[in-house]
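# A structural walkthrough
Spelled out from the first residue to the last, the chains are:
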Amino acid sequence: MKHLLRSLESSLALSPVGIALELPGGVRLGDANADLRLHFRDRTALVALATGEIGSVGAAIVEGRVALQGSMRELMAVAAAMLKADPARDGQVGWWRRALVQVRSMAAHSLTADARDVQAHYDLSDDFYALWLDPLRVYSCAYFRTPAMTLAQAQQAKLEHICKKLMLRPGERFLDIGAGWGGLLLWAAEHYGVDATGITLSRNQHAHVQRLIDQRGLQARVRVQLVDWRALQVQQPFDKIASVGMFEHVGRVQMTRYFATVRRLLRPGGLLLNHGISAGGVDNAQLGAGIGDFIGRYIFPGGELLHVSAALHHMARAGLEMLDSENLRPHYARTLWAWSDALEARLEQARRILVAQHGPDKGDKALRAYRLYLAGSAMAFELGWIALYQTLAAHPSGRIDTGAMAGAQCDYPFNRAYMYGDEAAPRAAS
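Residues numbered from 1 in each chain as written. Predicted model: local features only at pLDDT ≥ 70, side-chain atom pairs only at ≥ 80, totals over all residues. Heavy atoms only, no water.

### Considering the environment of His-358
Inspection of the secondary structure puts His-358 in helix α15 (residues 347-358). Classification of His-358 as partly exposed rests on a relative accessible area of 25%. Not counting chain neighbours up to four residues away, the residues in contact with His-358 comprise Leu-124 and Gly-363. (Helix = DSSP H or I, 4+ residues; strand = E, 2+ residues; numbered from the N terminus. Buried < 20%, exposed > 50% of the residue type's maximum accessible area, 1.4 Å probe, protein only. Contact = heavy atoms within 4.5 Å.)

### Looking at the sheet that holds strand β3 (residues 36-40)
One open sheet holds the four strands; their spatial order is β2-β1-β3-β4, and the pairing between them is mixed. Two strands close off the open sheet at either side, each with one partner strand: β2 (28-30) and β4 (66-69). With strand direction ignored, the average angle separating the axes of adjacent strands in the sheet is 15 degrees. Across four bridges, β3 lies against β4 in antiparallel orientation. Its bridge partner lying in β4, Arg-37 is registered against Gln-69. (Pairing = 2+ DSSP bridges. Axes fitted to C-alpha atoms, helices over the stretch in contact; angles between N-to-C directions.)

### Side note on the environment of Pro-170
Structurally, the position occupied by Pro-170 is in the loop between α8 (151-165) and β5 (173-177). Beyond its immediate stretch of four places on either side in the chain, Pro-170 contacts Tyr-192 and Gly-193.

### Looking at unusual backbone geometry
A positive phi angle, near 55 degrees, is found at Arg-137, a position not held by glycine. A residue is classified by how much of its surface remains accessible, and Arg-137, at 16% relative accessible area, is buried. The phi angle at Met-167 is positive, at roughly 55 degrees, despite the residue not being glycine. Mapped onto the elements of the fold, Met-167 is located in the loop between α8 and β5.

### Considerations on the sheet that holds strand β10 (residues 321-327)
Within the open sheet, the seven strands sit side by side as β7-β6-β5-β8-β9-β11-β10. Their pairing is mixed. Lying at the two open borders of the sheet, with one neighbouring strand each, are β7 (222-226) and β10. Going across the sheet, the axis of each strand differs from the next one's by a mean of 15 degrees, ignoring polarity. With five bridges connecting them, β5 and strand β6 (residues 195-200) associate as parallel partners. Bridge pairing in β6 places Arg-173 opposite Asp-195. Strands in contact with helix α13 (residues 308-317) are β9 (266-279), β10 and β11 (386-394); relative to β11, the strand with the most contacts, it is inclined by about 20 degrees.

### Notes on helix α2 (residues 43-50)
One full turn of an α-helix is made of 3.6 residues, so residues set three or four places apart face in the same direction. Within the sequence span of α2, burial applies to Ala-45, Leu-46, Ala-48, Leu-49 and Ala-50. Buried residues along α2 sit against α1 (2-12), β1 (19-22), β3, α3 (54-62), β4 and α4 (72-82). Among the residues of α2, the N-terminal cap falls to Asp-42, whose side-chain oxygen and the backbone nitrogen of Thr-44 are separated by 3.1 Å. Immediately downstream of α2, the backbone of Gly-52 shows phi near 80 degrees, a positive value. (Polar contact = N/O pair within 3.5 Å; in protein donor to acceptor, adjacent residues only side chain to side chain.)

### Some words on the packing of aromatic side chains
For the coordinates displayed, the defined rule picks out 22 aromatic pairs. Seen from their ring centres, Tyr-129 and Tyr-370 are 6.1 Å apart, and the 75 degrees between their planes marks the pair as edge-to-face. Of this pair, Tyr-129 sits in helix α7 (residues 126-132) while Tyr-370 is found in helix α16 (residues 360-383), placing the two residues 241 residues apart along the sequence. With a relative accessible area of 0%, Tyr-129 lands in the buried category. Seen in terms of ring centroids, Phe-294 and Tyr-298 are 5.1 Å apart; in terms of plane orientation they differ by 45 degrees. Their pairing is tilted. Of this pair, Phe-294 and Tyr-298 both sit in helix α12 (residues 291-298), separated by four residues, roughly a single helical turn. The pair formed by Phe-294 and Tyr-298 is uniform in burial state, with each residue classed as buried. Here the aromatic cluster, defined as three or more aromatic residues joined through ring pairs, consists of Phe-128, Tyr-129, Trp-132, Tyr-139, Trp-181, Phe-300, Tyr-332, Trp-339, Tyr-370, Tyr-373 and Phe-381. (Phe/Tyr/Trp six-rings, centres within 6.5 Å; stacked < 30°, edge-to-face > 60°.)

### Regarding α12
Taken together, the buried positions of α12 are occupied by Ile-291, Gly-292, Phe-294 and Tyr-298. Summarising the axial view, the buried residues of α12 lie within an arc of 160 degrees, below the 170-degree limit, and thus occupy one face. Looking at α12, the residues exposed on the side facing more than 90 degrees away from the buried face are Asp-293 and Arg-297. Buried residues belonging to α12 abut α3 and α16. (Arc of directions from axis to C-beta.)

### Looking at the nonpolar core
By size, the foremost hydrophobic cluster in this structure holds 85 residues, and its most contacted members are Leu-21, Phe-128, Trp-132, Tyr-139, Trp-339, Leu-343 and Tyr-370. Top contributing element to this core by residue count: α16, with twelve residues. Those residues in contact with Leu-343 that sit more than four places away from it in its chain are Phe-128, Trp-132, Ala-350, Leu-367, Tyr-370, Arg-371 and Leu-374. Formed by 33 residues, the second largest nonpolar core is a distinct cluster that contains Leu-159, Leu-166, Ala-394 and Cys-410. (Core = buried A, V, L, I, M, F, W, Y, C linked by side-chain atoms within 4.5 Å.)

### Concerning the packing of α3 against α12
At a minimum axis separation of 7 Å, α3 and α12 run at an interaxial angle of 35 degrees. Only Ile-291, Phe-294, Arg-297 and Tyr-298 of α12 make contact with α3, whose side of the interface consists of Ile-54, Gly-55, Gly-58, Ala-59 and Val-62. Considering only residue class, the contact of α3 with α12 consists of six nonpolar, two polar and one charged. (Nonpolar A, V, L, I, M, F, W, Y, C, P; charged D, E, K, R; others polar.)

Written out as structure tokens, the structure is:
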């Protein structure tokens, strides 16, 4: 115990903010006047804190074995200081470990398992998500084109950014894989005049988007299906496809198949915009320090992150040509802090919603988990443990006489001027 206390005191000395710890038996460490306080009810979580296993400490908070008082921003500053190693760097990974990762990925991503896992996260509570998301409920990285933008403005700017990159035109067939609460699907239909199809595995999101389609009278050219990407059947391919915040759920063992399916669904010459989180490390299967285990247990069961180089490898193997890639990592940090701050400002309301839908035990645990998840993810993006890439790709037509330049073989003009020609604020929805 004395060695543990000395280790904790040494680690606390490195913290950029004051923190007070109350240990089992009443022993106190740290700054007695600090606003940030952790009350430990068992020694297991203490050992995790002393050894830098911050994900395990987070799990103890969710389970009620550690009581938290204070700012999430201060807690994350302490968490980063307590780490013993970079959680995005695992060093060399042996063949046996890579094989184990493949086996686990294969087992985790059946049609049934993926539907269950998606619904466990996205169907938690529409009212809960509405508390801290923007009015369009865009649950992915915003694009702060100017520093003064609010979250709502930055989410509209992101929708515009995607639509411009895809060069959407009236009448084009557009597919949104993982349509969420319909932000991009409806934006593309109402502002760019496309014929839009969205797919999702979330029952709540499907019902919400269908209501919006009906309310806006868009049934003739907008539709949403409750279907897995592997089961989607179409009579003719799409001109443009977007996948936003979805390929993180695919699983590395399915990744080449996923992009091959996208290629099949995309007409020759058509464009794909893949917007997704990538791992900060090349070899790590998940974040270390217990963080990946925490995310898998409480937030995104079945979720897997690949380094962007691995994602591009699978994309190329599937026959898609990468055209342009943009890293929006700091944008996601700011987005997540905005979500975290919004939730922190409405904790009592959030608790009432979750408890009413799931009961006191599950509701309280879900709230504690999301508080840690949002703030912890913001920290992870800030520190470069994970990143967010928008990658534009094409299904090459094989015809060198098509496109803006000889050999283009697709709709892409092979310059970026078209993306940035209009720097005006995003257009208001009609």
